[in-house]
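Descriptive analysis of the structure
For reference, the chains in residue letters:
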Amino acid sequence: MIIVSKFGGSSVANADCFKQIKNICDSDDNRRIIVTSAIGKSFNDDNKITDLLYLFYAHVKYKVNYENVLNLIKDKYFQIKNDLGLKIDLNKEFEYIIDNLKQGEDYVVSRGEYLTALMLSEYLGFDFIDAKDLIVFDYNGKVNYEKTYSVISNKIDGSKKVVIPGFYGSYPDGNIKLFSRGGSDITGSIIAKGINAIKYENFTDVPGFYIASPKIVNNPKLIKEITYNELRELSYMGASVIHEDAIFPIQDVNIPLHILETKNPFEEGTIISNNVSDKGNIITGISGKKSFVSINIQKNKSSDKLSIIEFVLKVLKKFNVPIESIPTSIDSFSVVVEEDKVNKNLYDIIATLKENQEIEDIKIDNDIALIAVVGRNMVYKPGISAKIFSILGNNEINIKLISQNTSEISIIVGVKNSDFEKAINSIYNELIK
Ligand code: ASP
C-alpha cells in the first residue's frame, strides 16, 4: 500500500515547510514516495527558483554577468541548508552546475527540483532517486510511457522511502528534458501509475478544488469528491489546480488523486477518481472564461449547410484556431472560438470566408464569456438547464449561447463578458448556497 505524495513549490519554500512535510510523512507510513517541485514562493512577491533559473540561463546565453541572479538562487538553498543543519555540500553542487552549463537550459532549470529533492531526502532520511533515471523521453520530446513504467516498477518497490525530483526526465542519451511548467504534477502521476500506488496525493497551497473560483465567488465551498471527467470539464473552462497532463496516467487505472493543503494536511481536501459514491449535489462545480468570439455565418437559403460548415472549419484549421462550440439554426450557424487564438488573423479569416459565394453574411460578436455548469448527477435529471436559464433571466442576464452535449455532464452558457461574474455568482447562490 504505497502512497505517492507530491509537494508543490510553495510547500518546500523554506525550512518550516520542510518540517511540515516531515510531520505529514511521519503521520502515515504508507507515504513512501515523495515527489517535489523546486523551492517556490514563501510570500507573494518572493521569487520562484524555477523563474530565477530561467533568468539565470538567459544571462548565460546572452553572456551577461550572472553573479547576482546566481546569488539569489544560492541564498535560497543555503538558507534552508543552514536552518535545518543539513550536510549537503551545496558549493560543490553549484560548481558542478556551472561547469556543466553547456548541457543547456533544460539541464540548468531542472537543477531547481534536483537540489530541492536532494535536501529533502537528507532531511527526511529517505533515499534519493534521480528523475532522469526514471522518466524516459523519446527524441520527439514525448514521454515513452511503456519504458518509463517498466523502469519505475523495476527501480521502486516501496520497501524504501524515497524522494524524487519532479518536472524532468531524460532522453535516451541521458540529456535532461523538462516537462512544461507545473510539470512536477505529471512526474507524480506517472510514478503513481508506475508503482501502482493506492493514492496520489497532491499537496499544494489551496485546501482543494472550489465549487467556483474564490476570485469570483466570496468564500465558495470546496468540492469533496469529483470524477476525473468532471475535473477535465471544469479545467477546460478555466479552473486549475493540477497540470492537465497529470490526469491521464492515473485516470486510466483509477488511482484516486487527493488534493490537500500542506498547511492543513488533515482537512478533507478534494478526492478525484472515476467512481464517486456521493450522490448529494446535482452540480459539482462552475467555471468559466471570458473573451470568446462568435463568428456568425449566414448562408444563402438554397446552399448546402453541411458543406459550408465544412468550409468554415477548414479555414479555421488552416489558421490553427481551435473551436469551442458550433450552435446552428436553419440558415445560419456560429462558430465560437477563443479571442486570443483568433485575434491576430481575424481579418484574414473573414476575407478567406468571404471568398465563398454561398456565404451571404458574416457577423462577428466579440463580447462573449462562457460558463460551464458541471455535474455528474445532472444526467437524466430533467429541469436543470431550465433552472439555470431562469436564474440568469431573473437576474437580467441575457443568454447568448447554449450548449450541452449528450453526455449531459456539463451545460455551457454564453453571456456578455460584463455579465460573467454576476452570472457565476447568481448560479452559485441559487443552486449551491
Ligand atoms: N518548478 C516547475 C515550475 O515552476 C515545475 C513545478 O513546480 O511543477 O513550473
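Residue positions are counted from 1 within each chain, in the order its sequence is given. Reporting of local features is limited, given that this is a predicted model, to residues whose pLDDT is at least 70; pairs of side-chain atoms are given and counted only at 80 or more, and all residues count toward the totals for whole chains, interfaces and linings. By convention in this description, side-chain values take in all heavy atoms of the structure and omit both hydrogens and water.

**Points about the nonpolar core**
This is how the line gets drawn: Here, nonpolar core refers to any group of buried Ala, Val, Leu, Ile, Met, Phe, Trp, Tyr and Cys residues whose side-chain atoms link them within 4.5 Å. With a 1.4 Å probe rolled over the protein chains alone, any residue whose accessible area is under 20% of its type maximum counts as buried; one over 50% counts as exposed, and the rest are partly exposed. Secondary structure counts use DSSP, requiring at least four H or I residues in a row for a helix and at least two E residues in a row for a strand, with both numbered from the N terminus. Here a residue-residue contact requires only that any non-hydrogen atoms of the pair lie within 4.5 Å.
Residues Ile164 and Ile191 are the most contacted members of the largest nonpolar core, which totals 117 residues. It is helix 5 (residues 105-124) that contributes the most residues to this core, 10 residues altogether. Sequence-distant contacts of isoleucine 191, that is, excluding residues within four places in its chain, are made with Val4, Ile33, Val35, Leu134, Ile135, Ile152, Ile156 and Ile164. Counting residues in hydrophobic clusters, the runner-up holds 20 residues, among them Ile295, Phe319, Val337 and Ile359.

**Regarding the packing of aromatic side chains**
We count it as follows: For Phe, Tyr and Trp, rings pair up if their centres lie within 6.5 Å, where Trp contributes its six-membered ring, and each pair is then called stacked (planes under 30 degrees apart), edge-to-face (over 60) or tilted (otherwise). Placement of a positive charge over a ring is assigned whenever Lys NZ or Arg CZ falls within 6 Å of the ring centre and within 35 degrees of the normal to the ring plane.
With the rule as written, the count across this model stands at nine aromatic pairs. Taking the centre distance of 4.7 Å and the plane angle of 5 degrees together, the rings of phenylalanine 7 and phenylalanine 203 count as stacked. Of this pair, phenylalanine 7 sits in strand 1 (residues 3-7) while phenylalanine 203 sits in strand 7 (residues 199-204); the two residues are 196 residues apart in sequence, bridging distant segments of the chain. Within the aromatic cluster, the residues linked to one another by ring pairs are Phe137, Tyr139, Tyr171 and Phe179. Looking at arginine 111, its charged tip hangs above the ring of tyrosine 168, at a distance of 5.5 Å from the centre. A cation over a ring is seen here: lysine 177 above phenylalanine 137, with NZ or CZ 5.5 Å from the ring centre.

**Section: the sheet that holds strand 7**
The condition that has to hold: For two strands to be treated as a pair, DSSP must find no fewer than two bridges joining them. Axes, fitted as lines to C-alpha atoms, cover a helix only where it is in contact. Angles between the N-to-C directions of the axes lie from 0 to 180 degrees.
In spatial order, the strands read 3-4-2-1-7-11-12-10; together these eight strands make up an open sheet with mixed pairing. Two strands close off the open sheet at either side, each with one partner strand: strand 3 (127-128) and strand 10 (225-227). Pairing between strand 3 and strand 4 (residues 162-165): two bridges, direction parallel. Its bridge partner lying in strand 4, phenylalanine 128 is registered against valine 163. Sheet strands in contact with helix 1 (residues 15-26) are strand 1, strand 2 (31-36) and strand 7, and its direction is about 150 degrees off that of strand 2.

**Considering the pattern of salt bridges**
Quick note on the threshold: The salt bridge definition used is simple: a Lys or Arg side-chain nitrogen within 4 Å of an Asp or Glu carboxyl oxygen.
Scanning all chains against the criterion turns up 18 salt bridges. Between aspartate 26 and lysine 22 there is a salt bridge, with its nearest N and O atoms 3.2 Å apart. A residue pair is termed a helical-turn pair when its members lie 3 or 4 positions apart in one helix, as aspartate 26 and lysine 22 do in helix 1 at four residues. Judged by relative accessible area, which is 28%, lysine 22 ranks as partly exposed. Across the pair aspartate 29 and lysine 161 runs a salt bridge whose closest N-O atoms are separated by 2.8 Å. Taken together, the positions of aspartate 29 in the loop between helix 1 and strand 2 and lysine 161 in the loop between helix 6 (145-155) and strand 4 put the pair 132 residues apart, joining distant regions of the chain. We classify aspartate 29 as partly exposed; its relative accessible area is 49%.

**Structural notes on the site of the ligand**
Short version of the rule: Nearness here has a simple test: a residue counts as near a molecule or strand if at least one of its heavy atoms is within 4 Å of that partner. Here a polar contact is taken to be a pair of N or O atoms separated by no more than 3.5 Å, where protein atoms must pair a possible hydrogen donor with a possible acceptor and residues adjacent in sequence count only if both atoms sit in side chains. Only the protein chains shown count as cover for residues, and all accessible areas are computed by the Shrake-Rupley method using a 1.4 Å probe. In this count, Pro and Cys sit with the nonpolar residues alongside Ala, Val, Leu, Ile, Met, Phe, Trp and Tyr, while Asp, Glu, Lys and Arg are called charged and the others, Gly among them, polar.
Within the structure, the ligand sits among Ser37, Lys48, Thr50, Glu113, Phe167, Arg181, Gly182, Gly183 and Ser184. Arginine 181 places a polar side-chain atom, nitrogen or oxygen, 2.7 Å from an oxygen atom of the ligand. Note that an oxygen atom of the ligand is positioned 3.0 Å from one of the backbone N or O atoms of serine 184. Protein chains shield 94% of the accessible area of the ligand, which is 260 Å² for the free molecule. Residues belonging to the shell around the ligand are distributed by class as follows: one nonpolar, five polar and three charged.

**Details of the pairing of strand 16 (residues 359-374)**
Examined bridge by bridge, strand 13 (residues 285-299) and strand 16 share 12 bridges and lie antiparallel to one another. Paired with glutamine 298 across the strands is aspartate 361, a residue of strand 16. Examined bridge by bridge, strand 16 and strand 18 (residues 410-416) share seven bridges and lie antiparallel to one another. Residue pairing in the sheet places isoleucine 368 in a bridge with lysine 416 of strand 18.

**What about the pairing of strand 13?**
One ladder, built from seven bridges, connects strand 13 with strand 15 (residues 332-338); its direction is antiparallel. By the bridge assignment, valine 293 is partnered in strand 15 with valine 337.

**Side note on the side chain of histidine 243**
Structurally, histidine 243 is set in the loop between helix 8 (228-236) and helix 9 (247-252). There is a polar contact of 3.1 Å between the side chain of histidine 243 and the backbone nitrogen of aspartate 245. Sequence-distant contacts of histidine 243, defined by excluding residues within four places in its chain, comprise Ser180, Arg181, Gly182, Gly183, Asp185 and Ile186.

**Overview of the environment of valine 342**
Locating valine 342 in the fold gives a position in helix 11 (residues 339-342). Residues valine 342 and phenylalanine 319, spaced 23 residues apart in sequence, show a C-alpha to C-alpha distance of 8.1 Å. Beyond its immediate sequence surroundings of up to four residues, valine 342 is in contact with Val293, Val321, Val337 and Ile349.

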